[in-house]
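As a plain string of letters, each chain reads:
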Amino acid sequence: MKKTIALSLVLAASMSLAACSKQEDAAANAADTMAAEAVEGAENAADASMNAADAAVDASANAADAASNSVDAAADAAKSAVDAAADAAK
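Residues numbered from 1 in each chain as written. Predicted model: local features only at pLDDT ≥ 70, side-chain atom pairs only at ≥ 80, totals over all residues. Heavy atoms only, no water.

**Q** I keep staring at the overall build of the protein chain and nothing clicks. Help me out?
**A** Summing up its helical and strand segments, the protein chain has one helix and zero strands in all. Here the protein chain holds 90 residues, and the buried ones make up 0% of them. Accessible surface for the protein chain amounts to roughly 7,300 Å². Of this, 65% is attributable to carbon and sulfur atoms. (Helix = DSSP H or I, 4+ residues; strand = E, 2+ residues; numbered from the N terminus. Buried < 20%, exposed > 50% of the residue type's maximum accessible area, 1.4 Å probe, protein only. Areas by Shrake-Rupley, 256 points an atom, 1.4 Å probe, with all protein chains shown as cover.)

As structure tokens, then:
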């Protein structure tokens, strides 16, 4: 009888330790998953920032091109006006 009770206690202790180990593994896996998702989120945020910066640079370049085109058009118009005035003065 004593042997049966002792074996039952040993079995119960072994099973409880095994259950605790599985809970720790699950917690470790959950922590790893959360860390990986946090890193992925940070990478996505960095990518979005870079894309926004690229878009801002492109918009600035387009604005500079438009300004340059406006200056060229004004210079052409001024030249045409000067040529027309010179022709009228002849």
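**Q** Is there a simple way to explain a negative patch on the surface in this structure?
**A** On the surface, Glu37, Glu40, Glu43 and Asp47 cluster together into a patch of negative charge. Within the element layout of this structure, Glu43 appears in helix 1 (residues 2-89). (Patch = residues over 30% accessible without salt bridge, like charges linked within 9 Å, V, L, I, M, F, W, Y side chains within 5 Å. Salt bridge = Lys/Arg side-chain N within 4 Å of Asp/Glu carboxyl O. Lys, Arg positive; Asp, Glu negative; His and termini not counted. Charge placed at Lys NZ, Arg CZ, Asp CG, Glu CD.)

**Q** It is not clear to me how the pattern of salt bridges should be interpreted in this structure. Could you clarify?
**A** Under the criterion given, the structure shown has one salt bridge. In this structure, Asp83 engages Lys79 in a salt bridge whose closest nitrogen and oxygen atoms are separated by 3.2 Å. Within this pair, Asp83 and its partner Lys79 are both found in helix 1, separated by four residues, close to a single helical turn. For Asp83, a relative accessible area of 36% translates into the label partly exposed. On the basis of relative accessible area, Lys79 is assigned to the exposed category, the value being 53%.

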